[in-house]
Structure formats: structure tokens, C-alpha cells
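# Coordinate inspection notes
Given next are the chains, with one letter for each unit.
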Amino acid sequence: MLTNADPRSPSRPEPRPGIMEIAPYVPGRTKSTGGAKLHKLSSNETPLGPSPRAVEAYSACAGHLELYPDGGSTGLREAIADVYGLNPDRMICGNGSDEILELVARAYIGPGDEGLYSEYGFLVYKIAILAAGGTPVVAPEQNLTTDVDALLARVTPRTKVVFLANPNNPTGTYLPFDEIRRLHAGLPPTVLLVLDAAYAEYVRRNDYEAGVELAATADNVLMTRTFSKIYGLAALRIGWGYGPAHVIDALNRVRGPFNVSAASQAAGIAAVRDRAFLETAVAHNDKWLEWVSQEVAALGLQVTPSVGNFVLIHFPEEPGRTAAEADAYLSARGCVLRAVGAYGLPNALRMSIGNEEANREVVSVLKEFLAGR
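Here the structure is a predicted model, which is why all the values come from computation and not from measurement. (Residues numbered from 1 in each chain as written. Predicted model: local features only at pLDDT ≥ 70, side-chain atom pairs only at ≥ 80, totals over all residues. Heavy atoms only, no water.)

### A few points about the nonpolar core
Rule in force here: Put simply, buried Ala, Val, Leu, Ile, Met, Phe, Trp, Tyr and Cys residues joined by side-chain atoms within 4.5 Å make one nonpolar core. Here's how the labels work: a residue is buried when its accessible area is under 20% of the maximum for its type, exposed when over 50%, partly exposed in between, all with a 1.4 Å probe on protein chains only. Under the scheme used here, helices are H or I runs from DSSP no shorter than 4 residues and strands are E runs no shorter than 2 residues, and both carry numbers assigned from the N terminus. Contacts are residue-level and defined by heavy atoms, with any inter-residue pair within 4.5 Å sufficient.
One finds I80, L195, F227, L233 and W240 to be the most contacted residues of the largest nonpolar core, which totals 56 residues. Ranked by residue count, the leading element in this core is helix 2 (residues 74–84), at 4 residues. Beyond its immediate sequence surroundings of up to four residues, L233 is in contact with P50, A54, F227, S228, I238, A267, G268 and A271. Within the second largest apolar cluster, 30 residues are counted, among which are A105, Y117, Y125 and L222.

### A look at the packing of aromatic side chains
Condition: Two rings from Phe, Tyr or Trp (for Trp, the six-membered ring) form a pair when their centres sit within 6.5 Å of each other. Planes less than 30 degrees apart are called stacked, planes more than 60 degrees apart edge-to-face, and all others tilted. Charge over a ring is defined by NZ of Lys or CZ of Arg lying within 6 Å of the ring centre and within 35 degrees of the ring normal.
Per the stated rule, a full pass over the model turns up 10 aromatic pairs. Note on F227 and Y231: the rings are 4.8 Å apart at their centroids and 35° apart in plane angle, and the pair reads as tilted. Accessibility assignment for this pair places F227 and Y231 in one class, buried. Look at Y329 and F369: their rings are 5.5 Å apart centre to centre, the planes differ by 50°, and that puts the pair in the tilted class. Placement of Y329 in helix 11 (residues 323–332) and of F369 in helix 12 (residues 356–370) is noted, with a sequence separation of 40 residues between them. F369 shares its class with Y329; the two are buried. Ring-pair connections join several aromatic residues into one group, and the members of that group are Y117, F122, Y125 and F163. A cation over a ring is seen here: R275 above Y84, with NZ or CZ 5.9 Å from the ring centre. Its guanidinium or amino end placed over the ring of F310, R350 lies 5.9 Å from that ring's centre, counting from NZ or CZ.

### Brief notes about the side chain of E141
Here is the rule we go by: Think of a polar contact as two N or O atoms within 3.5 Å of one another; within protein, one of them needs to be a possible hydrogen donor and the other a possible acceptor, and neighboring residues in sequence only count if both atoms come from side chains.
Take E141: it is sitting in the loop between strand 4 (135–139) and helix 5 (148–153). Among the polar contacts made by the side chain of E141, one reaches the side chain of S118 at a distance of 2.8 Å. For E141, the residues in contact, after removing those within four places along its chain, are S118, E119, Y120, G121, T146, D147 and N168.

### Focus on the pairing of strand 8 (residues 238–242)
Heads up, the rule is: By the convention used here, strands pair only if DSSP detects at least 2 bridges between them.
Of all the 5 residues making up strand 8, 5 are buried; the element is thus mostly covered by neighbouring parts of the structure. Here strand 8 shows a buried face lined by I238, W240 and Y242 and a second buried face lined by G239 and G241. Here strand 2 (residues 91–95) runs beside strand 8; their pairing, made up of 5 bridges, is antiparallel. Pairing of M91 across the sheet is with Y242, part of strand 8. As paired strands, strand 7 (residues 221–226) and strand 8 are joined by 4 bridges and run antiparallel to one another. Looking across to strand 8, one finds that M223 is bridged to Y242.

### Overview of the pattern of salt bridges
What counts is decided by this rule: What counts as a salt bridge is simple: a side-chain nitrogen of Lys or Arg found within 4 Å of a carboxyl oxygen of Asp or Glu.
Tallied over the full model, the rule gives 15 salt bridges. Residue E357 is joined to K37 by a salt bridge in which the shortest nitrogen-to-oxygen separation is 2.9 Å. Residue E357 is located in helix 12, and its partner K37 is located in the segment before strand 1 (39–40); the two are separated by 320 residues in the primary sequence. By relative accessible area, K37 is classed as exposed at 54%. Ionic pairing is found between E179 and R182, a salt bridge with its closest N-O pair at 2.9 Å. Highlighted residues: E179 and R182, both in helix 6 (residues 177–186), separated by 3 residues, approximately one helical turn. The class of E179 is partly exposed, set by a relative accessible area of 24%. In the salt-bridge network here, residues are joined through shared partners; they are D149, E179 and R182.

Have a look at this one:
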């Protein structure tokens, strides 16, 4: 038995193995370094804000803060199911879709198990896998796009979950749904495929699907969605997942009993039913995504084609024109973009699509930067 006097005895509580390997998630910066007007384009937030109906529903909860929320988010699940034509009993709501990803890892991954994801996939996948005691496995990409063959080649008997963001953040690229089906067909039935469709509402491609049908018909597919992006409810942290009843049952067993607040549920119900507001947000993004992509490319910078509400801008490595120098220059002038070195992309910045003023200002400041002013 170890005692306090034993030199091998720890002198303080120690986290279990793997926890200290986690690099904490660092969100997009919220402040600029200069005194100019702030244009925060670092977190893929919508420039239109939330639906007025969602704000009204949220405010109406202020007089009932002493009451616990509905632990099953019943009204929110029913509203989502009504809009999308789904079965509410096969749905789970969470504190953002991040929580649902973490619940998946907790429920299906343990020591000795592997979680698989693509090279430039969302940072939360690795965090969730390590936090659950599992081993992260990374598949290389082709042209900043998920490679199905690379994923399948890395599946082993220890693989429990494959996480796939489609569209992907931070690249903005996507897989046609034929490729998603090919990936699913190549996976053992014991492997859970998680389709993270946080940006699905923005995509306007005929060969894209968020994964609703596959999640509704397969025993090993879960689709996750969020209210943080196009619905403008990032501050409220609302996410949802849809999949087989047995997967939803497992996730419900490990989630907290009141994981979505009453105000969040009310705002989410109002937001998902406001289809006119959603269409306005889509139209804004369609217009300015194309404009920003074309204008930045015209400056001589490479822009990865995106189907989300952001673009990945690549910078040369030559002194005076690097991504780090551009980031500092932009920030000093009030334009806060997202450095993506943590994703293994040190020569790029991710820019969220903002309002007209913000979009034009970034292009103008980039032009100044590249001209050496």
C-alpha cells in the first residue's frame, strides 16, 4: 500500500491518463488589437442575429426562472420533428451539438477504443475522444476535402465511432451524398457514423444531403445539427441529433437531466418555425459568400471553395505576406478573423461571412496589407 511518506505517492489529485494530452479548445477571438470599429468574423456567427420571434420567446421565460426546464426538451423535439418530418422519439437535444458529440464519445468510446475523423475535422472530435479515454485516429485529406478511402483504410476492430463534418469546418468543403453512402457501406455495422451537419442549412448543392434519410434508416448513423449558426442562437447553446432509437436511448442515459435551459428550448421552438427568417439568412449568405470569395481571389490569394458561411483564405509564406502578419494587420484595423494553426493550417485564416460593411472592410484592409501599406 502506498502511503504519504512513500516517494511514489502523488502529492495531489491527478487526472486519469489521456486528459492532460487534450489541447483545450480555443474559440475565435472577440477583440481587435486596435481602436477601429470591431468586425468579429472569427466564430462563424450569423450577421443577421436571431429571429425576432426567438427573442420574444426567450424574453417570455423571464418570469418563470424558478422552474426547471423540461428534461426531455419535448416541445423543441416536436417542433423540429414537425418542420423536418421526423420522429421526435428518435431525437435528442443538447447544450449545443458539441455536447451531443461528447455524449457519443462517452457512450461508445473507452480505453483501448478508437475514434476516427478526417485530417482537418472539427477540433472537438479529438477532445471528445481523448476525454472518453479513447485513441484519436486521423485520416489524411485530398485537396482539403475528406477522403472516404483514407477513412476506410484506417478502420480497425478497435474503431467505435467515425466523426464526419459535412460541410467541414474550417475548410468549407463537403462530400456529395453518394460518397457518404459509400463510406457508410464500407463501415462495419458495429461502427457508429456521426454526420455533423452544423452548416447544412447554408448548402446549395444538388448532390448534398445532411443525412436525415440515412440516420432514419440505418442502425449505425447519427446526424447532428445546431441552432448556433444560421439560427443565430449561439449564446443559448442548442443542438440536436437524430438517429436510431437504440443510439438515442444510450445518449439519453449519459446526458445531464436538464441539459437544455427552458429559455433555450422556447427560443429554439420559435426559431425553427420561422422559415421566412431562415430564407433571408440563406439569401444573405449566398450573395456575400460569392462576393467575398471572388474579391479575395482577385487580390491574388487562394480561397478554398466553400459551401458554408465562411471562407478559408490562404497566404504565401514569404515575409510580409504571411497569415500571421495578415492576422495582426487585420486585427489592428478591427477585422478579427480566425487563425487555424491548431487545425494544421498555419498559412491560412478563416473568415466568417459578415454584414456588407464587414465584408467590404476586410477586402479593403487585405488589399492594403498586400500592397505593403
